[in-house]
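Listed here are the chains, written in short residue letters.
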Amino acid sequence: MEIRYARMSDLRALAAVEAECFPAAEAATEEALAGRLAVYPNHFWLLFDGDRLVSFVNGMVTDEADLSDEMYADPSLHREDGRWQMIFGVNTIPAFRRRGCAALLLERAIADAGTQGRSGLVLTCKERLIPYYGKFGFADEGVSASEHGGVIWHQMWMVL
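What this report covers is the structure whose coordinates are included nearby.

Description of the side chain of Asn91
Link 1 in the chain: Counting through the fold element by element, Asn91 comes out in strand β6 (residues 89–92).
Link 2 in the chain: Overall, Asn91 belongs to the buried group, its relative accessible area being 0%.
Link 3 in the chain: Once residues within four sequence positions are removed from consideration, Asn91 is found in contact with Val17, Glu18, Cys21, Phe22, Val54, Ser55, Phe56 and Asn58.

Set out below in structure tokens:
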């Protein structure tokens, strides 16, 4: 298994994994992923099994402490010197779930955020995943203002 940052040449594989992991209303489109890759490829952590992309975590950096729906759609909001690493998605294809793939990538994203001097990380998740992210040190702030995909999300944050 290899962890590395994304390249534009990973776009199709990223879009395929995203589509496999999220319902269409919640999944980032190939166009949205391309926009993100063009601006912040070093905030995509990819896990490969040989040549196969099996898991990835991605998000932007900002000075805003709350993850907003606008951030998903507008890569220009990224601020490389921002205080908060937002996590937009934690994706692992079904055949590789429950093997620690997402954990490896989350731990790497957390470590990178610390090395980069960030104040912390912010993500949103469905209620059933609160205990999972809690194991990494994320705290539930309650229901998010996000309406992404027409789903109820909880915002979780971790202060570094």
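Quick notes on the side chain of His148
Link 1 in the chain: Relative to the elements of secondary structure, His148 occurs in the loop between β8 (139–143) and β9 (154–159).
Link 2 in the chain: When neighbours within four sequence positions are excluded, His148 is seen to be in contact with Ala25, Glu26, Asp69, Tyr72 and Trp153.

Description of helix α1 (residues 11–21)
Link 1 in the chain: Here α1 has its buried residues at Leu11, Leu14, Ala15, Val17, Glu18 and Cys21. The arc that holds the buried residues of α1, viewed along the axis, is 165°, so those residues lie on one side. Opposite its buried face, α1 presents the exposed residues Arg12 and Ala19, each directed more than 90 degrees away.
Link 2 in the chain: Next to the buried residues of α1 lie α2 (30–39), β2 (44–49), β3 (52–58) and β6.

Procedures and definitions
- The numbering scheme is per chain: residues are counted from 1 as the chain's sequence reads.
- Where local features are concerned, this predicted model is filtered to residues with pLDDT of at least 70; where side-chain atom pairs are given and counted, the filter is 80 or more; whole-chain, interface and lining totals use all residues.
- Side-chain descriptors were evaluated using all non-hydrogen atoms of the structure, hydrogens and water having been removed beforehand.
- In this text, helices come from DSSP runs of H or I with a minimum length of four residues, and strands from runs of E with a minimum of two, each type numbered from the N-terminal end.
- Burial classification: accessible surface area is computed with a 1.4 Å probe over protein chains only, and a residue below 20% of its type maximum counts as buried, one above 50% as exposed, and the rest as partly exposed.
- The contact definition used throughout considers only heavy atoms, calling two residues in contact when any of these lie within 4.5 Å.
- Our arc is simply the arc of the directions from the helix axis toward the C-beta atoms.

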